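The lines below spell out each chain.
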Amino acid sequence: MNLDSLLQNLGEWLRGTGAESDVVVSTRIRLARNLADVPFTTRASPAQKGEIEGRVREAIARADHTPKLDYLSVAGLPPLDRLFLVERQLISRELANALDGPRGVAFDPRESVSVMVNEEDHLRIQVMRSGLALDEAWDTIDKVDDALEARLSYAYHERFGYLTACPTNVGTGLRASVMLHLPALGITKEIEKLFRSLQKINLVVRGLYGEGSRASGDLYQISNQVTLGKDEHTLLVEIREVIDVALKYERRARQALLKERRQAEQDRVARAIGTLGSATMITSEETMELLSAVRLGIHLNLIGDLPPTTVNQLFIHSQAAHLQKLTGQVLDGEERNAARAKYLRNRLRDLGANK
Amino acid sequence: MNNPCHFCGQPATIHYTSLLKKKKVQQHLCERCAREKGVVSGEAAEAGPVPPLNLQALVQLIMGQHPAADAASLKCPACGLKYAQFRADGRLGCAHDYDAFRPTLEPLLERIHRATAHAGKVPRTRRRRAELDDLRERLAAAVAAERYEDAATLRDLIRRKEGAG
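Residues numbered from 1 in each chain as written. Chains lettered and ligands numbered in written order. Predicted model: local features only at pLDDT ≥ 70, side-chain atom pairs only at ≥ 80, totals over all residues. Heavy atoms only, no water.

Participant: What is the right way to look at the overall build of chain B in this model?
Facilitator: When its secondary structure is counted, chain B shows 8 helices and 2 strands. Beginning at the N terminus, the succession of helices and strands in chain B can be written as β-β-α-α-α-α-α-α-α-α. Here chain B holds 165 residues, and 33% of them are scored as buried. Nonlocal contacts in chain B, meaning residues at least 24 apart in sequence, comprise 30% of its contacts between residues at least 6 apart. If you sum the accessible surface of chain B, you get close to 10,500 Å²; carbon and sulfur atoms cover 53% of it. (Helix = DSSP H or I, 4+ residues; strand = E, 2+ residues; numbered from the N terminus. Buried < 20%, exposed > 50% of the residue type's maximum accessible area, 1.4 Å probe, protein only. Contact = heavy atoms within 4.5 Å. Areas by Shrake-Rupley, 256 points an atom, 1.4 Å probe, with all protein chains shown as cover.)

Encoded structure:
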């Protein structure tokens, strides 16, 4: 598989479409699954990991489910390609760098379904959807899971359900994450209040790239913590209820901004576009913050002629591995900041958005 | 005082130190768990900055938590992982650990999930097996009760389902 062919695509999670897409960027569900008769990945020998990889690959190749998934061995990939896959949310940082031995990922050309092999669990099945689409994502992942289960014998326990390497995932093995763009709640400083209330009901808030990552560009992931004792439907309904509350708060805060300080917001958005279009050095962090302002400006109709998908494209292309693939060069930190600024200047000039 | 609650991992608000068999034992609880275990009583916890502690419940709690000097030495016969090792790095070694460590794992699951039994999806092969077992039982009952027409219907149904997979 030639990874460079993905470069110009946005991938499912950045399509910018779907329900509630003014606030909800994407929906993701993952299922943790293990084979019954082999030790979990951390205790498996290299030979056993090879065997697991072989069996899962075979099952993926033969499984009669749509879409068709192509397998890519991560162990054999150069570091830049691994980081590229992390940025596209197709693999975890752990699978990219922390783990060793035979491991990989299978995914479809739309990048909506992926299966990581030999992560913490033998299989990590993941389905991505643009916008808020928990039910739709569940329908898809349930079918992919059934199709794989028809050809693999899963570790399943009458009392504990699907068995996982970490007891925090046992039972359903399900983690649903909804990525939200909450800039207005950030401005009005109400975001902390929202998070405190979420903590009380066992939901977790994380930054863009999963556990331990900082929230940047006002992007937050809300996901379930509990996986045992409730069925999948209940878990999804509980998240849905919280998302509805977050949506309501964010939209209310946005309307308040428009009413009370429209001019100031318009200025902030214009300045963000100005900086993106004229800087000669810019960090990824600053880019994310400015793009967040632009994204908000689009949804508040403060700027015309810039589709949300453009923001998504600038967002993904300005990340380290994507940038290096686009320029065809290996770049260190400083060079990257210069290359990022140049890329953004050129793109915005082409779009004619910074006049 | 940033210790998490021993039961649920939430920030603890109640901390106590006790001497047990000449060893110092520290314990941290959040208010919710403390109330559930009866260490503080429901209403009183709201009343003042220092909730009245129920000493008897407290002692029971401490004693109850240390039957497991031998829990650490539990070992999975299949993969060889020791319970102590699991507690150190938080990852189980294989599917059999869930049975090998069950006595100590169940309280842990209760703490993490506030539940110990799965309530979700069942793999398709098991659903089918369970369904067939059920039909076979009904067939046997029909035969025993000499309801031969029912029995014939059930037999056909079983054959069809067996053939389908």
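Participant: I'm lost on the sheet that holds strand β1 (residues 24–33) of chain A in this one. Help?
Facilitator: One key point about sheets: their strands pair by backbone hydrogen bonds, in either a parallel or an antiparallel sense. All names here are of chain A. Sheet architecture is open: 8 strands sit in the order β2-β3-β4-β5-β1-β8-β10-β9, paired in antiparallel fashion. Because the sheet does not close on itself, it has two edges, and the strands there are β2 (70–73) and β9 (203–206). Recorded for the sheet is a direction-independent mean angle of 20 degrees between the axes of neighbouring strands. Taken together, the 4 bridges between β9 and strand β10 (residues 219–224) define a ladder with antiparallel strand orientation. Bridging from a neighbouring strand, V204 pairs with S223 of β10. Helix-sheet contacts for helix α4 (residues 134–149) involve β1, β4 (113–117), β5 (123–130) and β8 (174–181), and the interaxial angle to β5 is about 150 degrees. (Pairing = 2+ DSSP bridges. Axes fitted to C-alpha atoms, helices over the stretch in contact; angles between N-to-C directions.)

Participant: Hey, could you run me through the packing of aromatic side chains in this one?
Facilitator: Describing an aromatic ring pair means giving the distance of the ring centres and the angle of the ring planes. Residues and elements named next belong to chain A. Under the criterion given, the structure shown has 7 aromatic pairs over all chains. Between the aromatic rings of W13 and F315, the centroid separation amounts to 6.2 Å while the plane-to-plane angle is 80 degrees, which identifies the pairing as edge-to-face. Within this pair, whereas W13 is found in the segment before β1, its partner F315 is found in helix α9 (residues 308–317), the two being separated by 302 residues in sequence. We classify F315 as buried; its relative accessible area is 4%. Just above the ring of Y162 sits the side chain of R33; from NZ or CZ to the centre is 3.4 Å. (Phe/Tyr/Trp six-rings, centres within 6.5 Å; stacked < 30°, edge-to-face > 60°. Lys NZ or Arg CZ within 6 Å of the ring centre and 35° of its normal.)

Participant: Please clarify how the confidence of the model for chain B should be interpreted in this entry.
Facilitator: Predicted coordinates in areas of low pLDDT are best not read in detail. Model confidence for chain B is summarised by a mean pLDDT of 79, while 71% of its residues fall at 70 or above. Interface confidence for the predicted complex, given as ipTM, is 0.87, next to a pTM of 0.81. (pLDDT = per-residue confidence, 0-100.)

Participant: Any chance you could explain the domain arrangement of chain A here in plain terms?
Facilitator: Frequently, the measure chosen for interface size is the accessible area removed from exposure when the parts meet. All names here are of chain A. One can read the domain layout of chain A as domain 1 (1–171) and domain 2 (255–351). Contacts between domain 1 and domain 2 engage 17 residues on the former and 15 residues on the latter. In total, domain 1 and domain 2 occlude about 1,500 Å² of area from one another, counting both sides; carbon and sulfur atoms represent 65% of this. Contact with domain 2 buries surface across domain 1, with L7, L80 and E87 losing the most and accounting together for 36% of the total. Among the ionic pairs, D4 bridges to K325, the shortest N-O distance being 2.7 Å. Across the contact surface, domain 1 and domain 2 share 8 residue pairs in polar contact (both at pLDDT 80 or more). A per-element tally of the side of domain 1 that touches domain 2 places helix α2 (residues 79–87) first, with 5 residues. Counted by class, the side of domain 1 that touches domain 2 contains 8 nonpolar, 3 polar and 6 charged residues. (Domains from an automatic or database assignment. Buried area = accessible area lost by both parts, 1.4 Å probe. Salt bridge = Lys/Arg side-chain N within 4 Å of Asp/Glu carboxyl O. Polar contact = N/O pair within 3.5 Å; in protein donor to acceptor, adjacent residues only side chain to side chain. Nonpolar A, V, L, I, M, F, W, Y, C, P; charged D, E, K, R; others polar.)

Participant: I keep staring at the nonpolar core and nothing clicks. Help me out?
Facilitator: One recurring pattern in soluble globular proteins is that nonpolar side chains are buried together. Formed by 90 residues in total, the largest nonpolar core has its most connected members in L148, L180 and I243 of chain A. Ranked by residues supplied to this core, first place goes to helix α7 (residues 232–278) of chain A with 14 residues. Apart from residues lying up to four places away in sequence, I243 of chain A is in contact with V24, L132, V178, L180 and I222 of chain A. Counting 20 residues, the second largest nonpolar core, distinct from the first, contains F160 and A165 of chain A together with Y83 and Y98 of chain B. (Core = buried A, V, L, I, M, F, W, Y, C linked by side-chain atoms within 4.5 Å.)

Participant: Whenever I open this one, the interface of chain A and chain B confuses me. Can you help?
Facilitator: Listed per partner, the contact involves 40 residues of chain A and 33 residues of chain B. Linking chain A to chain B there are 6 salt bridges. Notably, a salt bridge pairs D142 of chain A with K121 of chain B, separated by 2.5 Å at the nearest N-O pair. Contributing elements (two or more residues each) for the side of chain A that touches chain B: α4, β6 (156–157) and β7 (161–162) of chain A.

Participant: Quick question: what am I supposed to make of the confidence of the model for chain A here?
Facilitator: On average, chain A scores 91 in pLDDT, and the residues at 70 or more come to 96%. Between the elements of chain A, mean pLDDT differs from a low of 75, seen in β9 of chain A, to a high of 98, seen in β7 of chain A.

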